[in-house]
Amino acid sequence: MTALIRSLAAIWEIERRQGVRVLIIEDSGVGQLLRTIVKRDGHEPVLAGNGKEGWRLLVDRDRPPDLLILDRMLPDMDGAEVLTRLREHAPTVGLPVLVLTAAARSSLHLDDGALTRVLAKPFDLAELRGVLADLASVDAHLPGDARLTR
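Residues numbered from 1 in each chain as written. Predicted model: local features only at pLDDT ≥ 70, side-chain atom pairs only at ≥ 80, totals over all residues. Heavy atoms only, no water.

Chemist: How would you sum up the nonpolar core? Please name residues and give values.
Modeler: One finds Leu23, Ile25, Leu58, Leu68, Leu70, Leu86 and Val97 to be the most contacted residues of the largest nonpolar core, which totals 18 residues. For this core, the secondary-structure elements that each account for two or more residues are β1 (21-25), β2 (44-48), α3 (51-60), β3 (67-71), α4 (79-88) and β4 (97-101). Those residues in contact with Leu23 that lie beyond four places of it in its chain are Val46, Ala48, Gly54, Leu57, Leu58, Pro65, Leu67, Leu68 and Ile69. Membership of the second largest hydrophobic core comes to 17 residues, among which are Val20, Val22, Leu128 and Leu135. (Core = buried A, V, L, I, M, F, W, Y, C linked by side-chain atoms within 4.5 Å. Buried < 20%, exposed > 50% of the residue type's maximum accessible area, 1.4 Å probe, protein only. Helix = DSSP H or I, 4+ residues; strand = E, 2+ residues; numbered from the N terminus. Contact = heavy atoms within 4.5 Å.)

Chemist: Lay out the packing of α3 against α4 in plain terms, naming residues and giving numbers.
Modeler: Where α3 meets α4, the axes come as close as 10 Å, and the angle between the chain directions of the two elements is 15°. What the angle tells us is that α3 and α4 run roughly parallel. Considering how the two elements wind past one another, α3 and α4 form a crossing that is right-handed. Each of Gly51, Trp55 and Leu58 in α3 lies in contact with α4, whose residues at this interface are Val82, Arg85 and Leu86. (Axes fitted to C-alpha atoms, helices over the stretch in contact; angles between N-to-C directions. Parallel < 35°, antiparallel > 145°, perpendicular 65-115°, else oblique. Left-handed = near helix turned anticlockwise from the far one by under 90°.)

Chemist: Report on the pattern of salt bridges, specifying residues and quantitative values.
Modeler: Overall, the coordinates contain seven salt bridges when judged by the stated rule. Between Arg21 and Glu44 there is a salt bridge whose closest N-O contact spans 3.4 Å. Note that Arg21 is positioned in strand β1 and Glu44 in strand β2, a separation of 23 residues in sequence. Given a relative accessible area of 28%, Glu44 falls into the partly exposed group. Among the charged side chains, a salt-bridge network with shared partners connects Glu26, Asp71 and Lys121. (Salt bridge = Lys/Arg side-chain N within 4 Å of Asp/Glu carboxyl O.)

Chemist: Report on the sheet that holds β2, specifying residues and quantitative values.
Modeler: With parallel pairing, the five strands of this open sheet are ordered in space as β2-β1-β3-β4-β5. Taken across any chain shown, the strands that pair with only one partner, and hence form the sheet edges, are β2 and β5 (116-120). Here the average twist between neighbouring strands, direction ignored, is 20°. In the sheet, β4 pairs with β5 via five bridges, with the strands oriented parallel. Pairing of Leu100 across the sheet is with Leu119, part of β5. Relative to β2, helix α2 (residues 30-40) is tilted by about 170°, and along the sheet it contacts β1, β2, β3 and β4. The sheet strands contacting α4 are β1, β3, β4 and β5, and the helix crosses β3 at an angle near 150°. (Pairing = 2+ DSSP bridges.)

Chemist: Requested: an account of the environment of Val20, with residues and values cited.
Modeler: Tracing the sequence through the fold places Val20 in the loop between α1 (2-17) and β1. Accessibility expressed as a relative area gives 0% for Val20, which makes it buried. Sequence spacing of Val20 and Val38 is 18 residues, and the spatial spacing of their C-alpha atoms is 9.0 Å.

Written out as structure tokens, the structure reads:
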């Protein structure tokens, strides 16, 4: 029993050190910038260039992302549709989401509390990191101590 506990603890520690898996659904050059920031902060970025590709990555992955950065305005399936599907799909219902938008905040109707935050473009890097850290800390499904750090 003790050997099993040690093995599980070792696996848990490896997973914890790998950081948070962040899916970025963004169709502009901002996606590459976000990918670089997330990677530099020690986490695993996955980039999708449109809503349909992002949705496929959300539902088809062996291990779903721990956090989603979602552009509000996408050409094929906009961020609102992705977010609606996400909240209706059981495995992703509790996924924390950062919605990026160039639109006014008042035009977005989000009612899932702490699980969804909105950040206007252009954004400040420190503010982005702060919001991501806050989102990572509210969700119970993140593995162990794997939290985004500022």
